[in-house]
Amino acid sequence: MLIELKPINTKSILDCSDEEIATHNRENEEILGRIGSIPNYQCLMVCKYQDVLNNNQKMEMRHQFLADVYEVEEIFGLYNGIDLFIDEDNYLCMMIYGDSYTYEEESCIVTLSVTILPFDENRNFIDLSAVLLNSGGLKIAEEQFTPKAKMN
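Residues numbered from 1 in each chain as written. Predicted model: local features only at pLDDT ≥ 70, side-chain atom pairs only at ≥ 80, totals over all residues. Heavy atoms only, no water.

Asker: Mind showing me how you'd approach the nonpolar core here?
Answerer: Nonpolar side chains tend toward joint burial in soluble globular proteins. Of all hydrophobic cores here, the largest spans 30 residues; its most connected members are Leu92, Met94 and Ile116. Those elements that place two or more of their residues in this core are α1 (18–33), β2 (42–49), α2 (72–76), β4 (82–87), β5 (92–103), β6 (106–119) and α3 (129–132). The greatest single-element share of this core, amounting to five residues, is contributed by β6. Among all residues touching Met94, those that are not within four sequence positions of it are Leu32, Val69, Val72, Ile82, Asp83, Leu84, Leu112, Ser113, Val114 and Ile116. Counting residues in each nonpolar core, the second largest holds six residues, with Val46, Tyr91, Phe119 and Ala141 among its members. (Core = buried A, V, L, I, M, F, W, Y, C linked by side-chain atoms within 4.5 Å. Buried < 20%, exposed > 50% of the residue type's maximum accessible area, 1.4 Å probe, protein only. Helix = DSSP H or I, 4+ residues; strand = E, 2+ residues; numbered from the N terminus. Contact = heavy atoms within 4.5 Å.)

Right, dumping it as structure tokens:
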């Protein structure tokens, strides 16, 4: 099942010329800079490789803080750009690009999607989309995970 992603960037880093890369990076700094105006919530980072050579790796979930979005390139060791998206549940999704490689005579790029699910002290997931899009404030996310059963 594919998740629908709405781009926040005006243009993907993959489509930028050398001259446009600086503009793209400033755009990311501006968008992510809005996170600095809200509490540094704990968050779940859901990480999954998307490229053909690595997409068979298991999904990884990491417990981080929201401010760690500024360090995702360093956290994952991928340094060739980031595109920002809002997913269908209004969570921030970052596509982080790494090295290029050739697979079966096709050019590919290591691509890691990192979906950021911040949560408050009551473990309610927070919808940051309005803050990121500069169109409003925080709210409790419409989709919440509910426990299936209690553990003994």
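Asker: Can you help me understand the packing of aromatic side chains in this one?
Answerer: Note on aromatic pairs: each is described by the distance of the centres and the angle between the planes. Following the criterion strictly, the structure yields two aromatic pairs and no others. In this structure an aromatic cluster arises from ring pairing among Tyr91, Phe119 and Phe125. (Phe/Tyr/Trp six-rings, centres within 6.5 Å; stacked < 30°, edge-to-face > 60°.)

Asker: Got a minute to help me understand the sheet that holds strand β3 (residues 60–65) in this structure?
Answerer: Strand pairs in the sheet, formed through backbone hydrogen bonds, run parallel or antiparallel to each other. Within the open sheet, the six strands sit side by side as β1-β4-β5-β6-β2-β3. Their pairing is antiparallel. What marks the edges here is a single partner per strand, and that holds for β1 (5–7) and β3. The sheet shows a mean angle of 35° between the axes of neighbouring strands, direction not considered. Relative to β4, β1 runs antiparallel, the two sharing three bridges. Among the inter-strand pairings, Leu5 is bridged to a residue of β4, identified as Asp87. Relative to the sheet, α1 contacts β4 and β5, its axis offset from that of β4 by approximately 45°. (Pairing = 2+ DSSP bridges. Axes fitted to C-alpha atoms, helices over the stretch in contact; angles between N-to-C directions.)

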